[in-house]
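Below are the chains, spelled out letter by letter.
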Amino acid sequence: QSNVAYLDNAATAQRPVQVINAVNDFYETRNANPLRGLYKLGVDATEAYEGARERVRRFLNAPCAADIVFTRNATESINLVAYSYGLNFIKPGQEIVVTIAEHHSNILPWQMVARQTGATLKYLECDKTGAYSDEALEAAITDKTALVAMAQISNVFGRENPIKKVAALAHKHGAVLLADAAQSAPHVKIDVCDLDVDFLAFSGHKLMAPMGIGVLYGKSELLEKMPPFLTGGEMIDSVHRDGAVFAPVPQKFEAGTVNAAGAVGLAAAIRYLQEKGFDYIQKKELELTQRAMEGLGALPYVHILGSKDPANHTGIVSFTIDGVHPHDVSEILSSDGIDVRAGHHCAQPLLEYLGVRSSTRASMMFYNTPEEIDALIESVSTIRRRMGYGE
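From a predicted model like this one, the values you see are computed outputs, not experimental measurements.

## Quick word on the overall build of the protein chain
Next, step 1: A tally of regular secondary structure across the protein chain gives 13 helices and 15 strands.
Next, step 2: Against the globule reference of 21 Å for 391 residues, the protein chain gives a C-alpha radius of gyration of 22 Å, in line with a compact fold.
Next, step 3: With the C-alpha coordinates of the protein chain rotated into their principal frame, the extents come out at 75 × 55 × 35 Å.
Next, step 4: The proportion of buried residues among the 391 residues of the protein chain is 58%.
Next, step 5: In the protein chain, the proportion of contacts linking residues at least 24 apart, taken out of those at least 6 apart, comes to 70%.
Next, step 6: Of the accessible surface of the protein chain, which amounts to about 16,300 Å², a share of 50% is contributed by carbon and sulfur atoms.

## Topic: the pairing of strand S9 (residues 236-240)
Next, step 1: Of all five residues in S9, zero are buried; the element is thus mostly exposed.
Next, step 2: With four bridges connecting them, S9 and strand S10 (residues 243-246) associate as antiparallel partners. The residue of S10 that forms the bridge with Ile236 is Phe246.
Next, step 3: Between S9 and S10, which pair antiparallel and follow one another directly, the connecting turn spans two residues.

## Things to note about helix H9 (residues 260-276)
Next, step 1: Under the 1.5 Å per step criterion, the end-to-end length of H9 is 25 Å for 17 residues, consistent within 8% with the ideal 24 Å.
Next, step 2: Most of H9 is tucked away: 13 of the 17 residues are buried.
Next, step 3: Backbone geometry just downstream of H9 places Gly277 in the positive-phi region, at approximately 90°.

## Some remarks on the packing of aromatic side chains
Next, step 1: In total, this model carries 10 aromatic pairs according to the counting rule given.
Next, step 2: Considering the side-chain rings of Tyr280 and Phe366, the 6.3 Å spacing of their centres and the 65° angle between planes classify their relative orientation as edge-to-face. Here Tyr280, found in helix H10 (residues 278-297), pairs with Phe366, found in the loop between strand S15 (359-363) and helix H13 (370-386); they are 86 residues apart in sequence, far enough to count as distant.
Next, step 3: One aromatic cluster in this structure is built from Tyr272, Tyr280, Phe366 and Tyr367.
Next, step 4: Positioned above the aromatic ring of Tyr353 is the side chain of Lys128, whose terminal nitrogen or guanidinium carbon lies 5.0 Å from the ring centre.
Next, step 5: The ring of Phe89 carries the charged tip of Lys225 above its face, separated from the ring centre by 4.7 Å.

## What about the sheet that holds strand S14 (residues 341-343)?
Strand pairing in a sheet takes place through backbone hydrogen bonds and is either antiparallel or parallel in direction.
Next, step 1: Taken together, four strands build an open sheet; the order of strands is S11-S12-S15-S14 and the sheet is antiparallel. Here the strands that pair on one side only, and so sit at the sheet edges, are strand S11 (302-304) and S14. Within the sheet, the average angular offset between the axes of one strand and its neighbour, ignoring direction, is 30°.
Next, step 2: Bridging between S11 and strand S12 (residues 316-321) involves three bridges; their strand directions are antiparallel. Directly across from His303, in S12, lies its bridge partner Thr320.

## Focus: the pattern of salt bridges
Next, step 1: Tallied over the entire structure, the rule returns 17 salt bridges.
Next, step 2: In this structure, Lys122 engages Glu95 in a salt bridge whose closest nitrogen and oxygen atoms are separated by 3.2 Å. Of this pair, Lys122 sits in strand S4 (residues 120-124) while Glu95 sits in strand S3 (residues 95-99), placing them 27 residues apart in sequence.
Next, step 3: According to the relative accessible area criterion, Lys122 is partly exposed, its value standing at 23%.

## Some thoughts on the layout of surface pockets
Gaps between atoms show up when a probe of the same size as a water molecule is rolled over them.
Next, step 1: The space that makes up the largest pocket amounts to roughly 250 Å³.
Next, step 2: Contributions of two or more residues to the lining of the largest pocket are made by strand S2 (68-71) and helix H3 (74-89).
Next, step 3: Residue composition of the lining of the largest pocket, grouped by class: nine nonpolar, four polar and three charged.

## Focus on the side chain of Glu254
Next, step 1: Mapped onto the elements, Glu254 comes out in the loop between S10 and H9.
Next, step 2: Separated by 2.7 Å, the side chains of Glu254 and Tyr49 make a polar contact.
Next, step 3: Ignoring anything within four residues of it in the chain, the contact list for Glu254 reads Tyr49, Arg53, Ile68, Val69, Phe70, Gly233 and Glu234.

## Examining the packing of H10 against H13
Next, step 1: Between H10 and H13, whose axes approach to 9 Å, the crossing angle comes to 15°. On the basis of their axis angle, the class for H10 and H13 is roughly parallel. Note that H10 runs across H13; the crossing there is right-handed. Between H10, through Leu288, Arg291, Ala292, Gly295 and Leu296, and H13, the contact on the second element is made entirely by Pro370, Ile373, Asp374, Leu376, Ile377 and Val380.

## Looking at the nonpolar core
Next, step 1: Ranked by internal contacts, the top residues of the largest apolar core, which has 75 residues, are Leu60, Leu200, Phe202, Leu207 and Leu266.
Next, step 2: Ranked by the residues each element gives to this core, the list is headed by H9, at 11 residues.
Next, step 3: What Leu266 contacts, discounting residues up to four positions off in sequence, is Val56, Phe70, Phe202, Gly204, Leu207, Ala209, Pro210, Ile213 and Val215.
Next, step 4: Counting 29 residues, the second-largest nonpolar core is a separate cluster that includes Ala74, Ala119, Leu147 and Val176.

Rules behind the numbers
Residues numbered from 1 in each chain as written. Predicted model: local features only at pLDDT ≥ 70, side-chain atom pairs only at ≥ 80, totals over all residues. Heavy atoms only, no water. Helix = DSSP H or I, 4+ residues; strand = E, 2+ residues; numbered from the N terminus. Rg over C-alpha atoms; globule rule 2.2 N^0.38 Å. Buried < 20%, exposed > 50% of the residue type's maximum accessible area, 1.4 Å probe, protein only. Contact = heavy atoms within 4.5 Å. Areas by Shrake-Rupley, 256 points an atom, 1.4 Å probe, with all protein chains shown as cover. Pairing = 2+ DSSP bridges. Expected span 1.5 Å × (residues − 1). Phe/Tyr/Trp six-rings, centres within 6.5 Å; stacked < 30°, edge-to-face > 60°. Lys NZ or Arg CZ within 6 Å of the ring centre and 35° of its normal. Axes fitted to C-alpha atoms, helices over the stretch in contact; angles between N-to-C directions. Salt bridge = Lys/Arg side-chain N within 4 Å of Asp/Glu carboxyl O. 1 Å grid on protein atoms, 1.4 Å probe; cavity = no way out; pocket = protein on both sides within 12 Å on 5 of 7 lines; lining within 4 Å. Points joined across faces, edges and corners; volume = space filled by probe spheres on them. Nonpolar A, V, L, I, M, F, W, Y, C, P; charged D, E, K, R; others polar. Polar contact = N/O pair within 3.5 Å; in protein donor to acceptor, adjacent residues only side chain to side chain. Parallel < 35°, antiparallel > 145°, perpendicular 65-115°, else oblique. Left-handed = near helix turned anticlockwise from the far one by under 90°. Core = buried A, V, L, I, M, F, W, Y, C linked by side-chain atoms within 4.5 Å.

Read these as geometric descriptors, not functional statements.
This is the structure in structure tokens:
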């Protein structure tokens with residue numbers, strides 16, 4: 001809608017026509033079940049699906065295409081690791097370290113693993129700007145640590161975390177690191193080899209791909225030893241009355257009919273982002289973030305969560321307004337044609353830690369405009385007056 005300023009990109013992004021056309025083209029010209037039919041349409045569908053996997057491999061600089069598992073979203077990717085790796089390789093008395101700022105999708109699976117394995121869930125706390133000191137990292141990650149789960153970019157602060165440093169520290173203690181890249185994949189270039197993460201998860205819909213397609217990257221040696229998360233069709237080599245031989249990675253983790261059109265749409269979204277270039281994307285988003293923080297920060301009753309440096313926000317500006325509930329803020333902004341998110345942002349432990357019940361979050365992408373940011377600031381500046389505060 002051209003009359004709406006869409007500023008909820010951290011929840012889901014809008015799709016370019018190239019992605020919509022790619023999905024339509026798949027259904028119109030290659031609609032068959034990948035990996036099954038030996039006829040031309042089936043072969044074409046398989047090539048499109050596996051071509052999307054290769055596109056993702058290059059996007060992440062993964063060593064081989066088999067390291068890329070397609071899922072429904074980052075949540076399913078993390079659950080796959082929790083059920084397949086966590087329940088089988090984490091032992092009683094070991095520790096699972098998660099940060100206090102994680103999305104619920106990267107907390108709840110580890111609560112489950114801790115309950116079922118007898119491991120201890122340990123929270124790594126940040127400072128009020130979202131930063132983790134070296135001392136805090138070294139105190140949290142020890143020889144007892146089995147797994148560390150950390151978002152590359154917080155969905156509340158927008159701050160990028162030191163994933164490479166944490167991976168090295170985890171490995172020093174014999175632990176593995178799962179990075180949640182749901183907020184980072186649309187905004188920063190990811191190199192899984194340079195970061196040396198063991199697992200990395202992201203959702204397609206946040207980087208302009210269709211909903212219902214996600215990615216799990218895993219190191220080959222870990223994926224090879226992990227049992228399947230789901231069982232059924234296409235994830236087997238053979239089935240007999242009393243057992244089965246599972247297919248190799250990644251098919252072992254892709255049971256049933258796959259979301260081939262979603263994978264093709266994801267490949268188109270990645271191509272679109274790469275054509276724009278992350279240098280351009282980051283420059284544009286930083287300009288928008290600076291504009292938003294300067295305008296909102298000038299209002300004495302507005303308080304921005306996290307760092308005062310716009311470079312530490314990656315397009316995410318979460319804030320509170322004195323005396324006004326974030327749901328009211330969102331309703332008023334919506335009436336002015338500005339779409340933002342209000343609530344706990346699926347990060348309740350963080351907001352409790354910060355002493356904030358909920359907040360309003362404006363999240364930007366490179367396609368947003370300075371005029372939309374100005375409209376946000378103007379609308380916010382009138383909210384307390386419209387709520388009866390006289391200012």
